[in-house]
Amino acid sequence: MVVQRKYTAMVGGGIPSPTKVVVVGYALTSKKTKSFLQPKLEGLARNKGIQFVAIDPSIPLSDQGPFDIVLHKLSGKEWRRVLEDYRQKHPEVTVLDPPDAIQHVHNRQSMLQDVADLNLSNAYGKVGVPKQLIFEKNPSLIPDAVKKAGLRLPIVAKPLFAKSHELSLAYDEFSLQKLEPPLVLQEFINHGGVLFKVYIVGEAIKVVRRFSLPDVSKRELSKNAGVYRFPRVSCAAASADEADLDPCVGELPPRPLLEKLAKELRRRLGLRLFNLDIIREHGTQDRYYVIDINYFPGYGKMPEYEHIFTDFILSLVQRK
């Protein structure tokens, strides 16, 4: 499919000015297309001179377009190869984002390493990652490995590869053997049952509150046993933005801290479209932990995403 460039902008007297439409080719799953390409976004994009065009994965990418930007969230080695080849042959096209950089955050072992290496601390707070352990072997060995690593119960278990949002909470050592590797085992940190989703679109940052797993007291820990599975914790229905929260729990992380964190991670990860799940340790004012990073998250749930995203697209083209 060949995209026709149009002349849409009007100058004084109604004479068309030669401002071309910004063509964004998108390769997304049907679910992502539905949640992201909502009518309001497409309408606003049209008004700003942006056209979204579906990419057909069954046709060579170089035979489609021409594109100014390629937006994608498809998986598989073959797609990564196609995209890398396209990037080499078409350096004038902005690919959001580089496939290798995306792979880095699909693996929960490497995902949080950049945050840990950053060891970010300033006047507004400190950002780290929970103590964690990667386990890919025999589950019967997990209790010993957890003890050796010094992880305290309860333990959060997540799939090593971030295609699944399912997580489990293990309350006792014996239950750890019931988990199914490959896994990331993270020390659970009480955080008032609220997490902060920090959406990053280029240099723009938007934060929303989401309900999360409730705190676990020492008494509960001594009484409970077993593994509790949670299919998806921070879903849209669990928005905490309208809830009457204790200010100690609900107060958003300081803007300067988030701006510094986002700037450093954009540089280290090589990504421009991602979000961070951040918690504040309960009982502290300034101790934050990044517990997850997602590439091209559900922006449709982000307030004002249509304006933020279209402004971002135009800024990419202007920089060229």
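Thresholds applied
Residues numbered from 1 in each chain as written. Predicted model: local features only at pLDDT ≥ 70, side-chain atom pairs only at ≥ 80, totals over all residues. Heavy atoms only, no water. Helix = DSSP H or I, 4+ residues; strand = E, 2+ residues; numbered from the N terminus. Rg over C-alpha atoms; globule rule 2.2 N^0.38 Å. Buried < 20%, exposed > 50% of the residue type's maximum accessible area, 1.4 Å probe, protein only. Contact = heavy atoms within 4.5 Å. UniProt positions renumbered as here; feature names shortened; annotations may be inferred. Polar contact = N/O pair within 3.5 Å; in protein donor to acceptor, adjacent residues only side chain to side chain. Pairing = 2+ DSSP bridges. Axes fitted to C-alpha atoms, helices over the stretch in contact; angles between N-to-C directions. Phe/Tyr/Trp six-rings, centres within 6.5 Å; stacked < 30°, edge-to-face > 60°. pLDDT = per-residue confidence, 0-100. Salt bridge = Lys/Arg side-chain N within 4 Å of Asp/Glu carboxyl O. Core = buried A, V, L, I, M, F, W, Y, C linked by side-chain atoms within 4.5 Å.

**Student:** What is the right way to read the overall build of the protein from this model?
**Tutor:** The helix and strand inventory of the protein stands at 11 helices and 17 strands. Computed over the C-alpha atoms, the radius of gyration of the protein is 22 Å, within 12% of the 20 Å expected from 2.2 N^0.38 for a compact globule of 320 residues. Structurally, the protein occupies a C-alpha span of about 75 × 45 × 35 Å along its principal axes. Here the protein holds 320 residues, and 48% of them are scored as buried. When contacts within the protein are restricted to residue pairs at least 6 apart in sequence, long-range pairs at least 24 apart make up 70% of them.

**Student:** When you look at the UniProt feature "binding site: Mg(2+) 2" (unreviewed entry) in the protein in this model, what are you seeing that I'm missing?
**Tutor:** Sites flagged by UniProt as "binding site: Mg(2+) 2" (unreviewed entry) map to Asp292 and Asn294. One can find Asp292 in strand 17 (residues 287–295). Owing to a relative accessible area of 7%, Asp292 belongs among the buried residues under this scheme. In this structure the side chain of Asp292 is engaged in a polar contact, spanning 3.3 Å, whose partner is the side chain of Arg108. Structurally, the position occupied by Asn294 is in strand 17.

**Student:** Can you walk me through the sheet that holds strand 3 (residues 22–28) in this structure?
**Tutor:** Pairing between sheet strands relies on hydrogen bonds along the backbone, with the strands arranged either parallel or antiparallel. Read from one edge of the open sheet, four strands run 4-3-5-6, paired in parallel fashion. Among the strands making up the open sheet, the edge pair consists of strand 4 (50–54) and strand 6 (94–96). On average, adjacent strands in this sheet sit at an angle of 20 degrees to one another, irrespective of strand direction. Pairing analysis gives five bridges linking strand 3 to strand 4, with the strands arranged parallel. Counterpart to Tyr26 in the pairing with strand 4 is Ala54.

**Student:** Looking at this structure, I do not really get the packing of aromatic side chains. What am I missing?
**Tutor:** Within a pair of aromatic rings, the relevant descriptors are the distance that separates the centres and the angle that separates the planes. Taken as a whole, this structure holds 11 aromatic pairs when the rule is applied. Here Phe36 and Tyr305 contribute two aromatic rings whose centre-to-centre distance is 6.1 Å and whose plane-to-plane angle is 55 degrees, an arrangement assigned as tilted. Placement of Phe36 in helix 1 (residues 30–36) and of Tyr305 in helix 11 (residues 305–319) is noted, with a sequence separation of 269 residues between them. Between Phe296 and Phe309 the ring centres are 6.5 Å apart and the planes differ by 25 degrees, which places this aromatic pair in the stacked class. Residue Phe296 is located in the loop between strand 17 and helix 11, and its partner Phe309 is located in helix 11; the two are separated by 13 residues in the primary sequence. In this structure, Phe296 and Phe309 share a single accessibility class: buried.

**Student:** Help me out: how do you make sense of the UniProt feature "binding site: Mg(2+) 1" (unreviewed entry) in the protein in this one?
**Tutor:** Mapped onto this numbering, the UniProt entry gives "binding site: Mg(2+) 1" (unreviewed entry) at Asp277 and Asp292. The annotated residues occupy 16 residues of the chain but converge on a single region, no pair of C-alpha atoms lying more than 5.1 Å apart.

**Student:** Please clarify how the confidence of the model for the protein should be interpreted in this entry.
**Tutor:** Here the protein averages 88 in pLDDT, while 90% of its residues score no lower than 70. Scored below 50 in pLDDT, residues 4–18 makes 22 contacts in the model with residues more than four places away or belonging to other chains.

**Student:** Teacher, can you tell me more about the pattern of salt bridges here?
**Tutor:** Pairing is possible between side chains that carry opposite charge, provided their charged atoms lie close to one another. Enumeration over the complete set of coordinates arrives at 16 salt bridges. Across the pair Arg87 and Glu84 runs a salt bridge, and its minimum N-O distance is 3.3 Å. Of this pair, Arg87 and Glu84 both sit in helix 3 (residues 77–89), three residues apart, which is roughly one turn of that helix.

**Student:** Just to check I follow, could you spell out unusual backbone geometry for this structure?
**Tutor:** In terms of backbone geometry, most residues other than glycine have negative phi values and most peptide bonds are trans. The peptide bond linking Leu96 to Asp97 adopts the cis configuration, its omega dihedral lying at -5 degrees. Cis geometry marks the peptide bond from Pro181 to Pro182, where omega comes out at 5 degrees. Even without being glycine, Phe296 reaches a positive phi, approximately 40 degrees. With phi around 60 degrees, Glu304 is a residue other than glycine that occupies positive phi space. Secondary-structure assignment places Glu304 in the loop between strand 17 and helix 11.

**Student:** Which parts of the structure should I look at to understand the nonpolar core?
**Tutor:** Nonpolar side chains in soluble globular proteins generally cluster together in the buried interior. Formed by 57 residues in total, the largest nonpolar core has its most connected members in Phe36, Phe52, Leu71, Leu273, Leu276, Ile293 and Tyr299. If we skip the residues at most four places from it in the chain, Leu273 touches Leu71, Leu96, Asp97, Ile200, Val201, Asn294, Tyr295, Phe296, Pro297, Tyr299, Phe309 and Phe312.

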